[in-house]
Amino acid sequence: MQACSDEGIQIYGGMGFSADAPMEAAWRDARISRIYEGTNEINRMLAVGMLVKKAMKGHVNLLEPAMAVGNELTSIPSFDTPDFSEPLSEEMDMIKKLKKVFLMVAGSAVQKFGPALEEHQQLLIAASDILIEIYMAESAILRTQKNIARTSVEEQKEQIAMSQLYLYSAVKIIQNRAEEGISSFAEGDEQRMMLMGLKRFTKYANLPNIIELRNVVADKVTGENKYPFTKA
Ligand SMILES: Cc1cc2nc3c(=O)[nH]c(=O)nc-3n(C[C@H](O)[C@H](O)[C@H](O)COP(=O)(O)OP(=O)(O)OC[C@H]3O[C@@H](n4cnc5c(N)ncnc54)[C@H](O)[C@@H]3O)c2cc1C
């Protein structure tokens, strides 16, 4: 919301900054959501902190999948060419890999610090950002897949493009936040192995044409000369 209203201000130019144009209020309305109902910082620490606590109590199985990812890191990667012919199938595969990034970072952090992890606030926030981006990207892709099943690939062209664009930006954020996390607790060979894993788990088989995807969305908006994605 914040990013959208910010772009809205930009589109209005100088008028965007003025209370006479609608974007000024939209920006402030979006901005407050990072403060009320718990600030971003507190909610981020809670999200991962609670997950880790549940894992330690045995209520959520985090450590076993994290260990499986650890084993995968030391094994030889598969060189099979996956079948990505279904729409958004490469994207769903990327989501699976991004979950491994979270397990790698959060699992290793739990192993390193145990209950003292809650004192490592920046690490918790980095892990939480990874979790949030996976949730957002997966939600967009699943929603678009449902829409495709209900209509057609052609009718969902712009939604597919938006899901792909969101995933692309999520991958970049996750790469960055995972690097921060890994470098905060791993050194030498261990760090190198985890960074190689990060590379493996964030690699596209076919990177979509990002500029073209943006054009697909922009063409729809300029073609209809309004926000075209709400149901009548
Ligand atoms: C428009 C509006 C409507 C609201 N409506 C309601 C409502 O209906 N009901 C209600 O109960 N409350 C409401 N609030 C209050 C809101 O929930 C609080 O403002 C919010 O939880 C943040 O608390 P605070 O303002 O005391 O900031 P603080 O807790 O003082 O936080 C200040 C800054 O420090 C950071 N910070 C604090 N502690 C830590 C920490 N341990 N580690 C890292 N960073 C930290 C915060 O993230 C924040 O950036 C509303 C607030 C606003 C602005």
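As shown above, the structure is provided for reference.
Calculation criteria
Residues numbered from 1 in each chain as written. Predicted model: local features only at pLDDT ≥ 70, side-chain atom pairs only at ≥ 80, totals over all residues. Heavy atoms only, no water. Helix = DSSP H or I, 4+ residues; strand = E, 2+ residues; numbered from the N terminus. Buried < 20%, exposed > 50% of the residue type's maximum accessible area, 1.4 Å probe, protein only. Patch = residues over 30% accessible without salt bridge, like charges linked within 9 Å, V, L, I, M, F, W, Y side chains within 5 Å. Areas by Shrake-Rupley, 256 points an atom, 1.4 Å probe, with all protein chains shown as cover. Salt bridge = Lys/Arg side-chain N within 4 Å of Asp/Glu carboxyl O. Axes fitted to C-alpha atoms, helices over the stretch in contact; angles between N-to-C directions. Parallel < 35°, antiparallel > 145°, perpendicular 65-115°, else oblique. Contact = heavy atoms within 4.5 Å. Nonpolar A, V, L, I, M, F, W, Y, C, P; charged D, E, K, R; others polar. Arc of directions from axis to C-beta. Polar contact = N/O pair within 3.5 Å; in protein donor to acceptor, adjacent residues only side chain to side chain. Phe/Tyr/Trp six-rings, centres within 6.5 Å; stacked < 30°, edge-to-face > 60°. Left-handed = near helix turned anticlockwise from the far one by under 90°.

Focus: the overall build of the protein
A tally of regular secondary structure across the protein gives nine helices and zero strands. Helices (α) and strands (β) of the protein occur, in sequence order from the N terminus, as α-α-α-α-α-α-α-α-α. Across its three principal directions, the C-alpha atoms of the protein cover 55 × 45 × 35 Å. Burial analysis of the protein (232 residues in total) assigns 36% to the buried set.

A closer look at a nonpolar patch on the surface
Together, Ile-11, Tyr-12 and Met-15 line one region of the surface with nonpolar side chains, adding up to about 350 Å² of accessible area. Judged by its relative accessible area of 45%, Met-15 is partly exposed.

Description of the packing of helix H4 (residues 63–74) against helix H5 (residues 89–113)
Two elements in contact, H4 and H5, have axes whose closest approach is 8 Å; the angle formed by their N-to-C orientations is 105°. What the angle tells us is that H4 and H5 run roughly perpendicular. On H5, the residues that touch Leu-63, Pro-65, Ala-66, Met-67, Val-69, Glu-72 and Leu-73 of H4 are Lys-100, Leu-103, Met-104, Gly-107, Val-110 and Gln-111. Tallied by class, the residues present in the contact of H4 with H5 amount to nine nonpolar, two polar and two charged.

Some thoughts on helix H1 (residues 2–12)
By the burial criterion, the buried members of H1 are Gln-2, Ser-5, Gly-8 and Ile-9. Projected down its long axis, H1 shows its buried positions confined to an angular sector of 120°, all on one face. In H1, the exposed positions that point more than 90 degrees away from the buried face belong to Ala-3, Cys-4, Glu-7, Gln-10 and Ile-11. On its buried face, H1 is in contact with helix H2 (22–32). In the stretch just after H1, Gly-13 is the one whose phi turns positive, near 65°.

A short note on the environment of Thr-39
For Thr-39, the location among the structural elements is in the loop between H2 and helix H3 (40–56). For the pair Thr-39 and Glu-158, spaced 119 residues apart in sequence, the C-alpha separation works out to 33 Å.

Quick look at the side chain of Asp-129
Note that Asp-129 resides in helix H6 (residues 121–150). Polar side-chain contacts of Asp-129 include one of 2.5 Å to the side chain of Arg-44. Each residue touching Asp-129, except ones within four places of it in the same chain, is listed here: Arg-44 and Arg-177.

Details of the packing of aromatic side chains
Evaluated as defined, the whole model comprises two aromatic pairs. Relative to Phe-185, the ring of Phe-113 lies with its centre 6.5 Å away and its plane at 85°, an arrangement referred to as edge-to-face. With Phe-113 in helix H5 and Phe-185 in helix H7 (residues 157–185), the pair connects residues that are 72 residues apart, well separated along the chain. Look at Phe-113 and you get partly exposed, because its relative accessible area is 22%. Given a relative accessible area of 10%, Phe-185 falls into the buried group.

A closer look at the pattern of salt bridges
Across all of its chains, the model carries ten salt bridges by this definition. Residue Asp-129 is joined to Arg-44 by a salt bridge in which the shortest nitrogen-to-oxygen separation is 2.5 Å. Note that Asp-129 is positioned in helix H6 and Arg-44 in helix H3, a separation of 85 residues in sequence. Here the two residues Asp-129 and Arg-44 agree in accessibility, since each one is buried.

Comments concerning the packing of H5 against H7
The description of two packed helices rests on the angle between their axes and on the distance between the axes. At a minimum axis separation of 11 Å, H5 and H7 run at an interaxial angle of 20°. Classified by the angle their axes make, H5 and H7 are roughly parallel. In the crossing of H5 with H7, the sense of the turn from one axis to the other is left-handed. Contacts between H5 and H7 involve Glu-91, Met-94, Ile-95, Leu-98, Val-101, Met-104, Val-105, Ser-108, Ala-109, Lys-112 and Phe-113 from the former and Gln-164, Leu-167, Val-171, Ile-174, Ala-178, Ile-182 and Phe-185 from the latter.

Remember, this is a structural readout, not a statement about activity or role.
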